[in-house]
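Letter by letter, the chains look like this.
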Amino acid sequence: MIVAEQKNSIISVIYNKDHISLLDQRLLPQKMEYVRLSTINDVWHAIHQLQVRGAPAIGIAAAFGLALWANHWQSSDLPSFLKALHRAKSQLASSRPTAVNLFWALARVVDQAKRASSVREAKILIEKEALEIQAEDEEICRRIGEHGLTLFSDEQNIMTICNAGSIATARYGTALAPFYLAKEAGWNLHIYACETRPLLQGARLTTWELQQADIDVTLITDNMAAHTMRTKNIDAVIVGCDRVAKNGDVANKIGTFGLALQAKSLHIPFYVAAPLSTFDFQTLTGEEIPIEERADEEVSHIGQIATAPANTKVFNPAFDITPASYITAFITEHGIFAPDNLEKLIELKTKERST
Ligand code: MRU
């Protein structure tokens, strides 16, 4: 077992040229185990089955998946390499539909390969770009944490859902990044983590990560959120996200919209932490964001144990859309933005696309 650990963070995706070492997030918190991914099919399955999950981490894993694929390529014929690269990109893009970071990272890597004048050069550019995506994400998350910290103060009570921590990114996380930095600053924040049915990312991953970092965390079931907001003096809710549409609507883990509705009724600020790579200005509103629906068993069973009669009809959307009007602000690496004031981010994204 490989353990890649830094203070307050665990690296979930490690590129090794001929394989990827991936922290198997399905096994946490019982086991901290890295699996070896040697082929693009392994990477597809790892993303599809949520061995790696969280929007930025999915993008990083997919980018390394292309590097892995390229390293296996034998011929020196560039046109056939590029054609096959597009097929590899489409395969990885089909692993999950909602988090835009997946498509963003794949496009970034393929764009680099198109600049090459030989297969050898393309392979080098692909690997370099994938490593850069990972390195940039760590820096970006740290900046999200710094901006986020300006919205909080010592001893506050903050609620979150799902897992938007270190293992969902290169390091630090998005929604959890301010908590790590608050800890570094000597603050005591009190975090309430919603368990996040059906796959329990909040219970299994967020509590585990925050405990590793010695941050005070209390677990609640999702249906305790409104009561907890009112009785435990929740000062703010902060969540990560999988895609932001041009009008500021947000796709995030199922249950996020419910939290936003409750927070608004109780006059509690509701923040969404996300890197620019999660903003998708090609998608105009939340209505256009594809929402992944997953297997019935995730709802009708807990592990192998059935919690509903056999053949019970199930609806299992993995994400929901929170309309922009419920969001107090976005916390990004470029600063804090109200949902009706995304022009600067649109400008930055346009610049990014033209370089
Ligand atoms: O289905 P998951 O576990 O991949 O869903 C993850 C989330 O919804 C996260 O909140 C989001 O990806 C942000 S991670 C920084």
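Residues numbered from 1 in each chain as written. Predicted model: local features only at pLDDT ≥ 70, side-chain atom pairs only at ≥ 80, totals over all residues. Heavy atoms only, no water.

1. Side note on the site of the ligand
Argument step 1. Around the ligand, the structure places 17 residues, and the nearest of them are Arg53, Arg96, Asp242, Asn252 and Lys253.
Argument step 2. Measuring from an oxygen atom of the ligand, one finds a backbone N or O atom of Ala55 at 2.8 Å.
Argument step 3. When the ligand sits alone it has 420 Å² of accessible area, and the protein chains cover 100% of it.
Argument step 4. Secondary structure elements with two or more residues in the shell around the ligand: helix H2 (55-72) and strand E11 (250-253).
Argument step 5. Its residues assigned to classes, the shell around the ligand shows 7 nonpolar, 6 polar and 4 charged.
Argument step 6. Split by domain, the residues of the shell around the ligand number at least three in each of domain 1 (2-141) and domain 2 (148-354). (Near = heavy atom within 4 Å. Polar contact = N/O pair within 3.5 Å; in protein donor to acceptor, adjacent residues only side chain to side chain. Areas by Shrake-Rupley, 256 points an atom, 1.4 Å probe, with all protein chains shown as cover. Helix = DSSP H or I, 4+ residues; strand = E, 2+ residues; numbered from the N terminus. Nonpolar A, V, L, I, M, F, W, Y, C, P; charged D, E, K, R; others polar. Domains from an automatic or database assignment.)

2. Some remarks on the packing of aromatic side chains
Argument step 1. Counted under the stated rule, the structure contains 8 aromatic pairs.
Argument step 2. Summarising the aromatic geometry, the rings of Trp69 and Trp73 are spaced 5.4 Å apart at their centres and angled 40° between planes, so their arrangement reads as tilted.
Argument step 3. Plain terms: the ring middles of Phe279 and Phe330 are 5.4 Å apart, the flat faces sit at 65° to each other, and that makes the pair edge-to-face. Note that Phe279 is positioned in the loop between strand E12 (270-273) and helix H10 (297-300) and Phe330 in strand E16 (residues 329-332), a separation of 51 residues in sequence.
Argument step 4. Members of the aromatic cluster, connected to one another through ring pairs, are Trp69, Trp73 and Phe81.
Argument step 5. Lying over the aromatic face of Phe319, Lys253 brings its terminal NZ or CZ to 4.4 Å of the ring centre.
Argument step 6. Above the ring of Tyr326, the side-chain terminus of Lys264 is found at 5.3 Å from the ring centroid. (Phe/Tyr/Trp six-rings, centres within 6.5 Å; stacked < 30°, edge-to-face > 60°. Lys NZ or Arg CZ within 6 Å of the ring centre and 35° of its normal.)

3. Focus on the UniProt feature "active site" (unreviewed entry) in the protein chain
Argument step 1. Mapped onto the present numbering, the UniProt feature "active site" (unreviewed entry) falls on Asp242.
Argument step 2. As for its placement among the helices and strands, Asp242 is situated in the loop between strand E9 (236-239) and strand E10 (243-244). (UniProt positions renumbered as here; feature names shortened; annotations may be inferred.)

4. As for the sheet that holds strand E4 (residues 20-23)
Argument step 1. Strand order across the open sheet formed by 3 strands is E3-E4-E5, with antiparallel pairing between neighbours. Pairing within the sheet leaves two strands with one partner each, and these edge strands are strand E3 (13-15) and strand E5 (34-37). For this sheet the average axis-to-axis angle between neighbouring strands, irrespective of direction, equals 20°.
Argument step 2. Of the strands in this sheet, E3, E4 and E5 touch H2, which is tilted by about 25° from E3. (Pairing = 2+ DSSP bridges. Axes fitted to C-alpha atoms, helices over the stretch in contact; angles between N-to-C directions. Contact = heavy atoms within 4.5 Å.)

5. Some thoughts on the UniProt feature "binding site: substrate" (unreviewed entry) in the protein chain
Argument step 1. According to UniProt, the positions carrying the feature "binding site: substrate" (unreviewed entry) are Arg53, Gly54, Ala55, Arg96, Gln201, Asn252 and Lys253.
Argument step 2. A relative accessible area of 12% means that Gly54 is categorised as buried.
Argument step 3. Mapping Arg96 onto the fold places it in the loop between helix H3 (78-93) and helix H4 (100-113).
Argument step 4. On the basis of relative accessible area, Arg96 is assigned to the buried category, the value being 7%.
Argument step 5. Dropping the residues within four chain positions of it, Arg96 is found in contact with Ile47, His48, Leu50, Arg53, Ile58, Leu102, Phe103, Glu292, Arg294 and Phe319.
Argument step 6. A distance of 2.8 Å separates a polar atom in the side chain of Arg96 from a polar atom in the side chain of Glu292. (Buried < 20%, exposed > 50% of the residue type's maximum accessible area, 1.4 Å probe, protein only.)

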